[in-house]
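Listed here are the chains, written in short residue letters.
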Amino acid sequence: AAGVIQSPRHLIKEKRETATLKCYPIPRHDTVYWYQQGPGQDPQFLISFYEKMQSDKGSIPDRFSAQQFSDYHSELNMSSLELGDSALYFCASSSRVRTDTQYFGPGTRLTVL
Amino acid sequence: AQKITQTQPGMFVQEKEAVTLDCTYDTSDPSYGLFWYKQPSSGEMIFLIYQGSYDQQNATEGRYSLNFQKARKSANLVISASQLGDSAMYFCAMREGLDTGNQFYFGTGTSLTVIP
């Protein structure tokens with residue numbers, strides 16, 4: 001079965017640079033979510049989109065923005081990167097007909113130097 | 001207050017034995033969903049099992065079952081016949097309400113080690 005696709009899988013950036021993470025949900029899933037997981041921590045919710053509209057918002061820094069496009073893929077844009085942004089970034093997708101269970105992608109490991 | 005509490009940072013179990021991972025939750029919303037995920041050392045988050053707040057019976061998925069005690073607000077994961085491949089971090093999560101797109105709240109996780 002098709003899973004959530006995230007790209008890139010690994011990303012290395014310098015401080016103050018920008019980064020764009022991409023997420024392609026499972027086919028026919030209409031909702032995407034973004035989470036940030038620091039080393040040894042639980043995933044922290046950033047933001048979600050349902051049918052291309054922002055649905056819920058968590059602890060997403062103002063330096064970050066995200067959107068969902070007409071083909072349901074989503075992008076997380078991160079600017080003025082800081083050392084503390086180094087983390088594993090997960091995208092998840094869900095479909096209402098499947099109890100909104102979130103299926104996670106493999107994650108993008110971002111390292112800020 | 002923490003919405004999801006996992007009080008066991010680390011657990012050990014003998015291969016082929018059963019193990020219970022604890023999870024308690026806190027919500028005033030009558031509609032909610034409870035989920036368990038497995039995160040191996042490779043990093044991916046694997047969905048294991050789901051329990052809805054209105055479900056009358058405990059959820060089961062193969063060797064995984066969820067011991068749902070609504071009055072006690074607990075949703076413990078039971079893994080039967082443990083295998084070496086079960087060694088991983090396990091997260092309990094909750095979604096409040098029925099709105100599509102609502103965030104999941106995660107616990108701090110339990111690290112399970114299966115001993116041969």
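This report concerns the structure included in the present document. (Residues numbered from 1 in each chain as written. Chains lettered and ligands numbered in written order. Predicted model: local features only at pLDDT ≥ 70, side-chain atom pairs only at ≥ 80, totals over all residues. Heavy atoms only, no water.)

**Description of the interface of chain A and chain B**
So, point 1. The interface is formed by 22 residues belonging to chain A together with 20 residues belonging to chain B.
So, point 2. Between chain A and chain B, the buried area comes to about 1700 Å², and carbon and sulfur atoms account for 53% of it.
So, point 3. The interface formed by chain A and chain B holds 0 salt bridges in total.
So, point 4. Along the contact surface separating chain A from chain B lie 5 residue pairs in polar contact (both at pLDDT 80 or more).
So, point 5. Only β4 (31–37), β5 (44–50), β6 (53–57), β9 (87–94) and β10 (103–104) of chain A provide two or more residues apiece to the side of chain A that touches chain B.
So, point 6. If you tally residues by element for the side of chain A that touches chain B, the top one is β4 of chain A, at 4 residues. (Contact = heavy atoms within 4.5 Å. Buried area = accessible area lost by both parts, 1.4 Å probe. Salt bridge = Lys/Arg side-chain N within 4 Å of Asp/Glu carboxyl O. Polar contact = N/O pair within 3.5 Å; in protein donor to acceptor, adjacent residues only side chain to side chain. Helix = DSSP H or I, 4+ residues; strand = E, 2+ residues; numbered from the N terminus.)

**What to know about the pattern of salt bridges**
So, point 1. Taken as a whole and assessed by the stated rule, the structure comprises 6 salt bridges over all chains.
So, point 2. In this structure, R63 of chain A engages D85 of chain A in a salt bridge whose closest nitrogen and oxygen atoms are separated by 2.9 Å. Of this pair, R63 of chain A sits in the loop between β6 and β7 (64–68) while D85 of chain A sits in the loop between β8 (74–78) and β9, and the two are 22 residues apart along the sequence.
So, point 3. Given the relative accessible area of 4%, D85 of chain A is considered buried.
So, point 4. Here R63 of chain B makes a salt bridge to D86 of chain B, at a shortest N to O gap of 2.8 Å. In this pair, R63 of chain B sits in the loop between β7 (60–61) and β8 (64–69) while D86 of chain B sits in the loop between β9 (74–79) and β10 (88–96), placing the two residues 23 residues apart along the sequence.
So, point 5. For R63 of chain B, a relative accessible area of 24% corresponds to the partly exposed category.
So, point 6. The class of D86 of chain B is buried, set by a relative accessible area of 2%.
So, point 7. Residues joined by salt bridges that share partners form a network here, namely R63, E82 and D85 of chain A. (Buried < 20%, exposed > 50% of the residue type's maximum accessible area, 1.4 Å probe, protein only.)

**Considering the side chain of S82 of chain B**
So, point 1. Considering the arrangement of structural elements, one finds S82 of chain B in the loop between β9 and β10.
So, point 2. Setting aside anything within four residues of it in sequence, one finds S82 of chain B in contact with V13, Q14, E15, K16, E17, V19, R63 and V114 of chain B.

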